[in-house]
Amino acid sequence: MKKYVGYYRVSTQKQGNSGLGLKAQKSAVKNYLKDDDELIEEFQEIESGKKNNRPQLHKAIDYCKEHNAILLIAKLDRLSRNVGFIYTLRDSNVDFVCADMPDASKVTIGIMAVLAQEERERISQRTKVALGELKRKGAKLGNPQNLTDLSRQKSIITRRQNAVDNKANKRASIFIQSLRKEGKTFQAIANTLNENSFLTRRGKQFTAMAVKRLFDRYQSQNLEYHT
């Protein structure tokens with residue numbers, strides 16, 4: 001028998017009170033557990049994903065250490081962009097599993113940390129570039145019209161990023177980048193993704209070409225950011 005401690009997060013107090021999102025997370029945890037497993041405690045975080053403060057996560061980790069239990073996270077994909085969360089999880093020295101991503105490991109979490117940090121830095125850099133361009137053109141940034149222009153530019157950037165930021169693509173890219181560094185071919189990576197039940201953003205199995213496109217897209221994004 002294995003002992004688990006559940007960890008859930010909802011973004012707002014309203015969601016916490018209504019159970020929106022929380023019910024689905026608890027259902028995911030319940031479905032993950034086997035008949036002889038025991039869920040000994042549950043911790044619920046009501047916090048914005050943009051904030052790094054995770055008091056309930058720390059309590060859950062401490063509880064796991066005290067009771068020699070495994071931390072069970074309902075949905076890793078909704079937390080994977082938060083640098084504070086994934087670094088805390090990676091450095092926690094407790095065993096953990098993710099109901100929505102059972103193959104996740106500390107190596108995976110480390111890659112997620114790097115990707116999340118780079119993503120935040122890219123967003124910050126693009127905003128600075130957009131503001132700088134408006135200043136260069138002599139625009140007054142307090143002008144509502146200029147703010148609208150900035151919003152348009154950010155909207156264009158957002159649309160270009162949609163495919164990259166798609167949850168299916170983001171999760172797959174974590175493994176693609178790692179496996180490619182190990183020298184795996186695109187076909188071998190596609191086979192690994194399919195064996196682990198990964199799907200493209202259109203809900204299809206991966207092909208070598210689909211893997212290459214996703215790999216090249218991320219490489220291009222990183223090159224644009226660093227130049």
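Higher on the page you've got the structure.
As a starting point, this report considers the structure included with it. This one's a predicted model, so the numbers in the text were calculated from it and none came from an experiment. (Residues numbered from 1 in each chain as written. Predicted model: local features only at pLDDT ≥ 70, side-chain atom pairs only at ≥ 80, totals over all residues. Heavy atoms only, no water.)

Some thoughts on the nonpolar core
Argument step 1. Judged by nonpolar contacts, the single largest core of 34 residues is most densely connected at Leu71, Phe85, Ile176, Leu193, Phe206 and Val211.
Argument step 2. Counting residues per element, the ones that place at least two in this core are strand S1 (3–10), helix H3 (55–67), strand S3 (70–73), helix H4 (83–90), strand S4 (96–98), helix H7 (167–181), helix H8 (186–195) and helix H9 (208–226).
Argument step 3. No other element matches H9, which puts 5 residues into this core.
Argument step 4. Leaving out residues up to four positions away in the same chain, Leu193 has contacts with Ala172, Phe175, Ile176, Phe198, Phe206 and Val211.
Argument step 5. Core analysis: the second largest hydrophobic core is formed by 10 residues, Tyr8, Leu33, Ile70 and Leu72 among them. (Core = buried A, V, L, I, M, F, W, Y, C linked by side-chain atoms within 4.5 Å. Buried < 20%, exposed > 50% of the residue type's maximum accessible area, 1.4 Å probe, protein only. Helix = DSSP H or I, 4+ residues; strand = E, 2+ residues; numbered from the N terminus. Contact = heavy atoms within 4.5 Å.)

Remarks on the pairing of S3
Along any regular strand, the residues point their side chains to alternate faces of the sheet.
Argument step 1. Side chains of S3 alternate between two faces, with Ile70 and Leu72 and Leu71 and Ile73 buried alike.
Argument step 2. Here S1 pairs with S3 via 4 bridges, running parallel. Bridge assignment links Gly6 to a residue of S3, and that residue is Leu72.
Argument step 3. As paired elements, S3 and S4 share 3 bridges and run parallel to each other. Bridge assignment links Leu71 to a residue of S4, and that residue is Phe96. (Pairing = 2+ DSSP bridges.)

Quick word on the side chain of Glu45
Argument step 1. Tracing the chain through its elements places Glu45 in strand S2 (residues 38–46).
Argument step 2. Residue classification places Glu45 among the buried residues on the basis of a relative accessible area of 3%.
Argument step 3. Among the polar contacts made by the side chain of Glu45, one reaches the main-chain amide nitrogen of Leu57 at a distance of 3.0 Å.
Argument step 4. If we skip the residues at most four places from it in the chain, Glu45 touches Tyr7, Tyr8, Arg9, Val10, Arg54, Pro55, Gln56 and Leu57. (Polar contact = N/O pair within 3.5 Å; in protein donor to acceptor, adjacent residues only side chain to side chain.)

What to know about the sheet that holds S4
Argument step 1. Taken in spatial order, the 4 strands make up an open sheet running S2-S1-S3-S4, and their pairing is parallel. Where the open sheet ends on each side, the last strands, each with one partner, are S2 and S4. Between one strand axis and the next, the sheet turns by 25 degrees as a mean value, whatever way the strands run.
Argument step 2. In the packing of helix H2 (residues 22–32) onto the sheet, the strands contacted are S1, S2, S3 and S4, and the crossing angle to S1 comes to about 160 degrees.
Argument step 3. Sheet contacts for H3: S1, S2 and S3; angle to S2, the most-contacted strand, approximately 160 degrees. (Axes fitted to C-alpha atoms, helices over the stretch in contact; angles between N-to-C directions.)

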